[in-house]
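# Structure at a glance
The residues making up each chain are set out below.
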Amino acid sequence: MKAINRRFEMQGDPDLIERKFNKWIVVLSIAIPLVVAILFGVNLRDLGYDVKPLTFLPPIYATINGVTAVLLIWAVLAIRKGNRKLHETLVKICIGCSAAFLIMYVAYHMTAESTPFGGTGTVRYVYFFILITHILLSIVIIPFVLVTFVRGLSGNFAKHRKLAKITFPLWLYVAVTGVIVYLMISPYYGS
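Residues numbered from 1 in each chain as written. Predicted model: local features only at pLDDT ≥ 70, side-chain atom pairs only at ≥ 80, totals over all residues. Heavy atoms only, no water.

Of the regular secondary structure elements, the chain holds 6 helices and 0 strands. Ordered by position in the sequence, the α and β elements of the chain form the string α-α-α-α-α-α. Dimensions of the chain, computed from the C-alpha atoms along their principal axes, are close to 55 × 35 × 25 Å. Nonlocal contacts in the chain, meaning residues at least 24 apart in sequence, comprise 78% of its contacts between residues at least 6 apart. Accessible surface, the chain: about 11,400 Å² in total, of which carbon and sulfur atoms supply 70%. Looking at charge distribution, the chain has the averaged site of its 19 positive side-chain charges lying 9 Å from that of its 8 negative ones. (Helix = DSSP H or I, 4+ residues; strand = E, 2+ residues; numbered from the N terminus. Contact = heavy atoms within 4.5 Å. Areas by Shrake-Rupley, 256 points an atom, 1.4 Å probe, with all protein chains shown as cover. Lys, Arg positive; Asp, Glu negative; His and termini not counted. Charge placed at Lys NZ, Arg CZ, Asp CG, Glu CD.)

The following block contains the structure:
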């Protein structure tokens, strides 16, 4: 990452750097949800592969969501105290955590049957509201995170701060609701 940071600093114009990354941001913002949706519908066991269900993954990826939430808050506190290096490191870890979550989530769903939510009444509506907003915002957040990240690395701090005010609460919501969804559905695993 140091090489990337030096490269940004040497090239100078933050807007030019952003434009160079825009194509990748668009591609990733479309490809990630599309690939996840496709792979979500693929079950390796249904295709005849002898794989064991990775049932141990949900608590791990829920924990990763929780860790991401804590690190996001820590990253904001770090930048408010003027610690740019710590802020940058924490955000990079958050991006890594989000990628790890995604890989584990897809791996779980490719090897195990989906677990239906068994709650009834008001809690059912609450669960589905949280789940739907979590899923929709997890798609929406991808370009926000990527653009905010590139603006920070390129040194375009005014635009970075402006967009981060939107990105942070959305990303935090996705991370926290990921934990809530897991806690609400976990009693129904293996039912």
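The discussion continues.
What follows deals with the packing of helix H5 (residues 122-154) against helix H6 (residues 157-185). Closest axis-to-axis distance for the H5/H6 pair is 7 Å, and the angle between their directions is 150°. Taken together, the axis directions place H5 and H6 in an arrangement best described as roughly antiparallel. Considering only the axes of H5 and H6, their crossing is left-handed. Classifying every residue of the contact of H5 with H6 by side-chain character gives 23 nonpolar, 9 polar and 2 charged. (Axes fitted to C-alpha atoms, helices over the stretch in contact; angles between N-to-C directions. Parallel < 35°, antiparallel > 145°, perpendicular 65-115°, else oblique. Left-handed = near helix turned anticlockwise from the far one by under 90°. Nonpolar A, V, L, I, M, F, W, Y, C, P; charged D, E, K, R; others polar.)

All right, on to the pattern of salt bridges then. All told, the structure shown has 2 salt bridges when counted by the stated rule. Two residues, Arg 151 and Glu 18, come together in a salt bridge whose shortest N-O distance is 3.0 Å. Of this pair, Arg 151 sits in helix H5 while Glu 18 sits in helix H2 (residues 14-40), placing them 133 residues apart in sequence. Residue classification places Arg 151 among the buried positions, given a relative accessible area of 18%. The partner of Lys 92 in a salt bridge is Glu 88, with the nearest N and O atoms 2.6 Å apart. Highlighted residues: Lys 92 and Glu 88, both in helix H4 (residues 84-111), separated by 4 residues, approximately one helical turn. For Lys 92, a relative accessible area of 21% puts it in the partly exposed group. By relative accessible area, Glu 88 is classed as buried at 17%. (Salt bridge = Lys/Arg side-chain N within 4 Å of Asp/Glu carboxyl O. Buried < 20%, exposed > 50% of the residue type's maximum accessible area, 1.4 Å probe, protein only.)

Nonpolar side chains collect at one region of the surface, where Val 26, Ile 30, Leu 34 and Ile 38 lie side by side and expose about 390 Å² of accessible area between them. By the secondary structure assignment, Leu 34 is in helix H2. (Patch = residues over 30% accessible without salt bridge, like charges linked within 9 Å, V, L, I, M, F, W, Y side chains within 5 Å.)

This paragraph deals with the layout of surface pockets. In this model, the largest pocket occupies a volume close to 1,100 Å³. Around the largest pocket, the lining comprises 44 residues; the ones closest to its centre are Phe 101, Leu 102, Tyr 105, His 134 and Ser 138. Elements supplying a minimum of two residues to the lining of the largest pocket: H2, helix H3 (57-80), H4, H5 and H6. Broken down by element, the lining of the largest pocket gets its largest block of residues, 13 residues, from H5. Grouping the constituent residues of the lining of the largest pocket by class yields 34 nonpolar, 9 polar and 1 charged. (1 Å grid on protein atoms, 1.4 Å probe; cavity = no way out; pocket = protein on both sides within 12 Å on 5 of 7 lines; lining within 4 Å. Points joined across faces, edges and corners; volume = space filled by probe spheres on them.)

In this section: the nonpolar core. Tyr 61 and Trp 171 are the most contacted members of the largest nonpolar core, which totals 20 residues. Not counting chain neighbours up to four residues away, the residues in contact with Tyr 61 comprise Phe 101, Met 104, Tyr 105, Tyr 108, His 109 and Tyr 189. Judged by nonpolar contacts, the second largest core, of 7 residues, contains Tyr 127, Ile 130, Leu 131 and Met 184. (Core = buried A, V, L, I, M, F, W, Y, C linked by side-chain atoms within 4.5 Å.)

The next thing to look at is the side chain of His 109. Note that His 109 resides in helix H4. In this view, His 109 contacts Phe 40, Val 42, Asn 43, Tyr 61 and Ser 114; residues no more than four positions away in its chain are not counted.

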